[in-house]
Amino acid sequence: MKKILVTGSNGLLGQKLTDAIINSNKFHLIATSIGPNRHPVKEGYDYAEMDISDEQSVAAVINKYKPDVVINTAAMTNVDHCEVEKEQCWLLNVTAVSYLINSCRANNIQLVHLSTDFIFDGEAGPYLEDAIANPLSYYGESKWAAEKLLQESGIHFTILRTIIVYGIVNDMSRSNIILWAKGALEKGSPINVVNDQWRMPTLAEDLADICLLAAEKGAQGVYNASGKDLMSILELVEKVADYYDLDKSLINAITTDSLNQTAKRPKKTGFVLDKSIKELGYQPHSFEEGIAIMEKQLKSIG
């Protein structure tokens with residue numbers, strides 16, 4: 001049974017990986033994060049506190065458990081925050097990856113690393129895995145720098161690039177675009193939504209699945225790992241309104257420029273998923289199916 005160590009296990013993807021691994025009976029899980037374990041199930045796997053920004057912490061935990069695979073879900077992902085807190089962004093998104101690479105190299109471990117569509121400028125989406133990166137933001141720069149570290153590391157690595165991850169867990173540290181839109185529209189609050197950015201939103205369960213497929217198959221290289229439906233952010237929010245039968249007249253279409261955000265965003269990203277489907281057996285849900293899965297979980301949380 002392969003041993004998989006997950007970083008950032010208290011986050012959305014981390015908790016979905018915990019669920020998937022517990023349910024699969026194929027792997028032994030070592031969940032790691034900063035602070036106590038926030039997953040409601042505490043048995044059937046190991047939990048260790050690990051700070052990926054501390055080289056000694058990373059080395060101590062990885063040397064202790066000697067996993068076959070490390071899945072790195074930990075990162076600083078708030079794009080505007082990264083633009084302002086550049087040192088912290090680089091520490092968590094690049095330096096920490098170098099620590100993981102060093103420990104994986106020393107122990108001959110496969111490192112599965114999550115990356116982003118924000119390494120691209122949005123001028124030529126949807127993108128293939130070998131498209132040329134040109135990040136517009138410091139967040140994008142940091143994620144591209146980490147990819148280059150992996151490409152040049154000589155270790156067994158898998159890069160999974162994803163887009164707008166959504167989902168629900170019991171202990172949510174922050175919301176996502178679907179919950180935000182649903183919550184506002186249910187209250188009858190008008191919302192401003194950009195109509196000139198296009199994405200392929202990704203269900204957290206689908207992303208967890210492809211992480212485990214990459215681990216199981218020992219995948220090497222870069223794979224696209226998003227949802228399969230390309231839509232504008234406006235369309236995304238309208239689909240949420242349609243699903244819940246909410247008032248779409250509350251949705252006000254605006255342009256990206258009118259937001260004056262700190263960090264630049266790519267206009268149109270999206271991914272070609274053929275390689276992941278063919279080589280890994282990746283089968284992402286449609287966006288509507290994803291909302292339905294989330295809604296079922298919301299009801300069970302109550």
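Keep in mind it's a predicted model, so treat the numbers as computed, not measured.

(A) Broad picture of the packing of helix H6 (residues 177-186) against helix H8 (residues 233-244). Axis separation between H6 and H8 bottoms out at 10 Å; the angle between their running directions is 55 degrees. In terms of axis orientation, H6 runs oblique to H8. For the pair H6 and H8, the crossing hand works out as right-handed. Together, Ile177, Ile178, Ala181, Lys182 and Leu185 of H6 and Ile233, Leu236, Val237, Val240, Ala241 and Tyr244 of H8 make up the contact between the two elements. The residue makeup of the contact of H6 with H8, split by class, is ten nonpolar, no polar and one charged.

(B) Inspection of the packing of aromatic side chains at higher detail. Applying the stated criterion across every chain, the model contains six aromatic pairs. Measuring from centroid to centroid gives 5.0 Å for tyrosine 243 and tyrosine 244, while their planes differ by 80 degrees, and the two rings are edge-to-face. Joined through ring pairs, the aromatic side chains of Phe120, Tyr127 and Phe271 make up one cluster. Positioned over the ring face of tyrosine 244 is lysine 182, at 5.1 Å from the centre of the ring. The cationic tip of lysine 275 hangs over the ring face of tyrosine 223; the distance from NZ or CZ to the ring centre is 4.3 Å.

(C) Inspection of empty space enclosed by the protein at higher detail. Applying the stated rule across the entire model yields one cavity of 30 Å³ or more. Here the largest cavity is characterised by a volume of approximately 50 Å³. Lining of the largest cavity is provided by Tyr166, Pro201, Thr202, Leu203, Asp206, Gly227, Lys228, Asp229, Met231, His285, Ser286 and Phe287. Residues of the lining of the largest cavity, tallied by class, amount to five nonpolar, four polar and three charged.

(D) Region of the structure containing the layout of surface pockets. What the second largest pocket holds in volume is close to 310 Å³. For the second largest pocket, the lining is made up of 16 residues, of which Gln15, Lys16, Asp19, Glu205 and Gln297 are closest to its centre. The set of elements that each furnish at least two residues to the lining of the second largest pocket consists of helix H1 (12-24), helix H7 (204-217) and helix H10 (287-301). In terms of residue count, the dominant contributor to the lining of the second largest pocket is H1 (five residues). Its residues placed into classes, the lining of the second largest pocket shows six nonpolar, six polar and four charged.

(E) The environment of leucine 207, seen in detail. Here leucine 207 lies in helix H7. Given a relative accessible area of 1%, leucine 207 falls into the buried group. The spacing of leucine 207 and tyrosine 166 is 41 residues in sequence and 9.8 Å in space, taken between C-alpha atoms.

(F) Quick look at the environment of leucine 236. Here leucine 236 lies in helix H8. Taking relative accessible area as the criterion, leucine 236 reaches 1% and is therefore assigned buried. Between the C-alpha atom of leucine 236 and that of asparagine 195, which follows or precedes it by 41 residues, the distance is 9.8 Å. In this structure leucine 236 touches Ile177, Ile178, Pro201, Met231 and Phe287, once residues within four positions along its chain are discounted.

(G) The nonpolar core, seen in detail. The biggest cluster of nonpolar side chains holds 36 residues, and the ones touching the most others in it are Ile4, Leu17, Ile71, Leu160 and Leu212. Within the residue set of this core, elements represented by two or more residues are strand S1 (2-7), H1, strand S2 (27-33), strand S4 (69-72), strand S5 (110-116) and H7. For this core, the element with the highest residue contribution is H7, accounting for eight residues. Leucine 212 has contacts with Ile4, Leu17, Ala20, Ile21, Phe27 and Ile71, leaving out every residue within four places of it along the chain.

(H) Spotlight on the pattern of salt bridges. Summed over all chains, the structure comprises ten salt bridges. Note that glutamate 147 is salt-bridged to arginine 161, the shortest N-O span being 2.7 Å. Here arginine 161 lies in strand S6 (residues 157-162) and glutamate 147 lies in helix H5 (residues 138-151), a separation of 14 residues in the sequence. Taking relative accessible area as the criterion, glutamate 147 reaches 0% and is therefore assigned buried. Since its relative accessible area comes to 2%, arginine 161 is described here as buried. Its salt-bridge partner being glutamate 295, residue lysine 299 comes within 3.8 Å of it at the nearest N-O pair. Linking lysine 299 with glutamate 295, this pair stays in helix H10, spanning four residues, or about one helical turn.

Reading the values: rules and limits
- Residues numbered from 1 in each chain as written.
- Predicted model: local features only at pLDDT ≥ 70, side-chain atom pairs only at ≥ 80, totals over all residues.
- Heavy atoms only, no water.
- Axes fitted to C-alpha atoms, helices over the stretch in contact; angles between N-to-C directions.
- Helix = DSSP H or I, 4+ residues; strand = E, 2+ residues; numbered from the N terminus.
- Parallel < 35°, antiparallel > 145°, perpendicular 65-115°, else oblique.
- Left-handed = near helix turned anticlockwise from the far one by under 90°.
- Contact = heavy atoms within 4.5 Å.
- Nonpolar A, V, L, I, M, F, W, Y, C, P; charged D, E, K, R; others polar.
- Phe/Tyr/Trp six-rings, centres within 6.5 Å; stacked < 30°, edge-to-face > 60°.
- Lys NZ or Arg CZ within 6 Å of the ring centre and 35° of its normal.
- 1 Å grid on protein atoms, 1.4 Å probe; cavity = no way out; pocket = protein on both sides within 12 Å on 5 of 7 lines; lining within 4 Å.
- Points joined across faces, edges and corners; volume = space filled by probe spheres on them.
- Buried < 20%, exposed > 50% of the residue type's maximum accessible area, 1.4 Å probe, protein only.
- Core = buried A, V, L, I, M, F, W, Y, C linked by side-chain atoms within 4.5 Å.
- Salt bridge = Lys/Arg side-chain N within 4 Å of Asp/Glu carboxyl O.

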